[in-house]
Amino acid sequence: MYTVKIENVSKSYRKFQALHHIDLQIEKGLYGLLGPNGAGKSTLMNIISTILTWDEGRISVYGYDLKKDSHKVRELLGYLPQHFQAPGQFTGEEFLHYVASMKGMNNRQKRTIEVQRLLEQVNLTEHTHKKIKGYSGGMKRRLGIAQALIGQPKLIILDEPTAGLDPSERIRFRNVMERLGKEYTIILSTHILSDIETSCEHVGVINKGELLYQGETEKLASLA
Ligand code: ADP
Ligand code: ADP
């Protein structure tokens with residue numbers, strides 16, 4: 001069964017059509033959504049995340065209809081938005097505590113255990129007590145993944161999470177994603193082909209709101 005099934009989805013902002021009849025089938029693991037700036041990646045990510053509505057077509061997530069059962073889908077979702085900013089005056093640990101309590105994890109002891117587990121999953125254990133304003137760009141992004149993992153989601157949406165990272169941060173970030181991809185369904189949107197080539201077995205390619213390719217990443221390379 002597909003984790004996310006997108007059928008014939010179109011979306012316009014007033015008169016501008018940002019997505020044209022998109023069909024995508026996404027299975028468990030790490031899935032890449034590749035396209036240049038303006039392709040429509042954020043639009044699609046925001047639709048799947050239930051932030052935006054769309055005009056035409058159907059989307060299901062783990063068998064739930066995104067329109068009829070959006071509250072169910074929301075429970076299964078973790079999201080790292082494109083321009084995610086965590087408050088610099090918090091430590092990584094304080095920030096995750098804060099997000100977890102906002103999401104209804106009231107038991108402080110359980111929350112502490114969960115926060116430590118999350119920091120470990122994104123390789124930030126040694127920066128637990130450091131203020132976020134002292135984090136590198138890559139550390140901030142990994143903290144962004146950690147906050148997306150709160151609440152035991154099944155589907156994680158990462159919108160351009162590697163943009164602007166330097167090469168060593170990029171590699172650290174990919175390592176974390178690849179490990180999480182064994183456990184979760186992750187949709188990674190990026191304009192950087194090498195992110196996909198190194199980490200994602202399957203890819204969907206969009207440009208100007210149109211789907212150009214979907215399938216194995218390996219075969220995409222042979223088309224180029
Ligand atoms: P990407 O994430 O691939 O860069 P976006 O989904 O952000 O692409 O944008 C796709 C297209 O839709 C772009 O041409 C963008 O200018 C346009 N767009 C995005 N958001 C809006 C909006 N709120 N109103 C009008 N046009 C928008
Ligand atoms: P791992 O060893 O699992 O990759 P980190 O990603 O935290 O764990 O990196 C290991 C060490 O490299 C840490 O002590 C971290 O502070 C340091 N480091 C130096 N530069 C960076 C950077 N740009 N991004 C993240 N960590 C960095």
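Attention in this report is confined to the structure presented alongside it. (Residues numbered from 1 in each chain as written. Chains lettered and ligands numbered in written order. Predicted model: local features only at pLDDT ≥ 70, side-chain atom pairs only at ≥ 80, totals over all residues. Heavy atoms only, no water.)

### A word on the site of ligand 1
Neighbouring residues of ligand 1: Tyr13, Phe16, Ala18, Pro36, Asn37, Gly38, Ala39, Gly40, Lys41, Ser42 and Thr43. At 2.7 Å, a backbone N or O of Gly38 approaches an oxygen atom of ligand 1. Within the backbone of Lys41, a nitrogen or oxygen atom sits 2.9 Å from an oxygen atom of ligand 1. In isolation ligand 1 offers 550 Å² of accessible surface; the protein chains occlude 59% of this area. Taken together, the elements giving at least two residues each to the shell around ligand 1 come down to β2 (16–26) and α1 (41–48). In terms of residue count, the dominant contributor to the shell around ligand 1 is α1 (three residues). (Near = heavy atom within 4 Å. Polar contact = N/O pair within 3.5 Å; in protein donor to acceptor, adjacent residues only side chain to side chain. Areas by Shrake-Rupley, 256 points an atom, 1.4 Å probe, with all protein chains shown as cover. Helix = DSSP H or I, 4+ residues; strand = E, 2+ residues; numbered from the N terminus.)

### Focus: the sheet that holds strand β5 (residues 64–65)
As summarised here, the arrangement of the four strands in space is β2-β1-β4-β5, forming an open sheet in which the pairing is antiparallel. Among the strands making up the open sheet, the edge pair consists of β2 and β5. With seven bridges joining them, strand β1 (residues 4–13) and β2 adopt antiparallel strand pairing. For Lys11, the partnering residue across the bridge sits in β2 and is Leu19. The sheet contacts of α1 involve β1, β2 and β4 (56–61), and relative to β2 the element is tilted by about 60 degrees. (Pairing = 2+ DSSP bridges. Contact = heavy atoms within 4.5 Å. Axes fitted to C-alpha atoms, helices over the stretch in contact; angles between N-to-C directions.)

### Overview of the pairing of β1
Hairpin remark: β1 followed by β2, antiparallel, with two residues in the connecting loop; positive phi at Arg14, about 45 degrees. Relative to β4, β1 runs antiparallel, the two being bridged by five bridges. Following the sheet pairing, Ser10 is matched in β4 by Glu56.

### A word on the sheet that holds strand β8 (residues 185–190)
Two strands in a sheet stick together by hydrogen bonds in their backbones, pointing the same way (parallel) or opposite ways (antiparallel). The mixed open sheet is built from six strands, whose spatial order is β6-β7-β8-β3-β9-β10. The strands lining the two open edges of the sheet, one partner per strand, are β6 (77–80) and β10 (210–216). Sheet twist, expressed as the mean angle between neighbouring strand axes with direction ignored, is 15 degrees. In terms of strand pairing, strand β3 (residues 29–34) meets β8 through six bridges, oriented parallel. Among the inter-strand pairings, Leu34 is bridged to a residue of β8, identified as Thr190.

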